[in-house]
Amino acid sequence: VELDFHELDIVPNSSVTGRPVERAWIIVAIDHFSRMVVGFFLTLKPPHAAAVVECLRHAVLPKNETLTRFPDLQSEYPCAGYMRLVTTDNDTATWADVVEQACDQLKIPFRYCPGEMPEMKAYIERFFNTLTHSCIQTAAGSTFSNPAERGDYDSDANAAYDIVMLTERIAT
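What you see is a predicted model; the values in this text were computed from it and never measured.

Calculation rules
Residues numbered from 1 in each chain as written. Predicted model: local features only at pLDDT ≥ 70, side-chain atom pairs only at ≥ 80, totals over all residues. Heavy atoms only, no water. Core = buried A, V, L, I, M, F, W, Y, C linked by side-chain atoms within 4.5 Å. Buried < 20%, exposed > 50% of the residue type's maximum accessible area, 1.4 Å probe, protein only. Helix = DSSP H or I, 4+ residues; strand = E, 2+ residues; numbered from the N terminus. Contact = heavy atoms within 4.5 Å. Pairing = 2+ DSSP bridges. Salt bridge = Lys/Arg side-chain N within 4 Å of Asp/Glu carboxyl O. Lys, Arg positive; Asp, Glu negative; His and termini not counted. Polar contact = N/O pair within 3.5 Å; in protein donor to acceptor, adjacent residues only side chain to side chain.

(A) A look at the nonpolar core. Judged by nonpolar contacts, the single largest core of 45 residues is most densely connected at Leu 8, Ile 26, Val 52, Leu 166 and Ile 170. Looking at this core, the elements that each hand over two or more residues are β1 (2-7), β2 (25-30), β3 (37-43), α1 (49-60), α4 (97-106), α5 (122-136) and α8 (163-171). Take this core: its biggest share by element is seven residues, from α1. With residues up to four places along the chain from it excluded, the contact list for Leu 8 reads Arg 23, Ala 24, Trp 25, Ile 26, Leu 42, Leu 131, Ile 136, Leu 166 and Ile 170.

In structure tokens, the structure reads:
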């Protein structure tokens, strides 16, 4: 399983105030062989250990809760269980004691990739590219990939999704 964080090119709204907040982040666990997303977690915080643990929790548990939350999901989402190996970036969010303890309890070995070698996690990098171009940059509030692409588009003024709605858009 490849695991990685990605800052999304979208400005979500606060579910409390309805006002735009900082860009959202997603952490994804993708099966190297089937290319299926086995777990994911959206957060408004930059990469952190609790998000890694939540993503791993989502990956190992049956997807009953996900299927109930998102009835428009197009598949049965038949993935759950333990992973033989998780490959991830060598960064502080994955070094945390809480991540190590969770992996020890779940008996999941972690392999850290050397820095600046995205080819060691090619499938998840491709997934992020597809997610960005087919789902995120077509949504209201997109920041696009760069200022030239964005032009005069006001991402904050057009923000239409809170984190729950954004999770549903990505899941379905």
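(B) The arrangement of the pairing of β2 in detail. With six of its six residues buried, β2 lies for the most part within the structure. Residues Trp 25, Ile 27 and Ala 29 point to one face of β2 and Ile 26, Val 28 and Ile 30 to the other, with burial holding for every one of them. With six bridges joining them, β1 and β2 adopt antiparallel strand pairing. By the bridge assignment, Phe 5 is partnered in β2 with Ile 27. As defined by bridge partners, β2 adjoins β3 across six bridges and the pair is classed as antiparallel. Note that in β3 the partner of Ile 27 across the bridge is Phe 41. Linking β2 to β3, which pair antiparallel, is a turn of six residues; within it Arg 35 sits at a positive phi near 65 degrees.

(C) Focus on the pattern of salt bridges. Counting across every chain of the model gives six salt bridges. As a salt-bridge pair, Arg 23 and Glu 7 come within 3.8 Å of each other at their nearest N and O atoms. Placement of Arg 23 in the loop between β1 and β2 and of Glu 7 in strand β1 is noted, with a sequence separation of 16 residues between them. Accessibility expressed as a relative area gives 26% for Arg 23, which makes it partly exposed. The partly exposed category is assigned to Glu 7, whose relative accessible area is 31%. Across the salt bridge formed by Asp 89 and Lys 121, the nearest N and O atoms sit 2.7 Å from each other.

(D) Main features of the side chain of Asp 162. In this structure, Asp 162 sits in the loop between α7 (155-158) and α8. No salt bridge forms around the buried Asp 162; measuring N to O, its nearest opposite-charge neighbour Arg 69 is 8.3 Å away. Within the structure, Asp 162 has its side chain in polar contact with the backbone nitrogen of Val 164 (distance 3.1 Å). In terms of polar contacts, Asp 162 uses its side chain to reach the backbone amide nitrogen of Met 165, at 2.8 Å. Discounting chain neighbours no more than four positions away, the residues touching Asp 162 are Asn 13 and Ser 15.

(E) Here's a closer look at the side chain of Ser 14. Along the polypeptide, Ser 14 turns up in the loop between β1 and β2. Given the relative accessible area of 15%, Ser 14 is considered buried. Here Thr 17 takes part through its backbone nitrogen, which lies 3.1 Å from a polar atom of the side chain of Ser 14. Ignoring anything within four residues of it in the chain, the contact list for Ser 14 reads Arg 19 and Val 21.

Shape descriptors only; they carry no functional weight alone.
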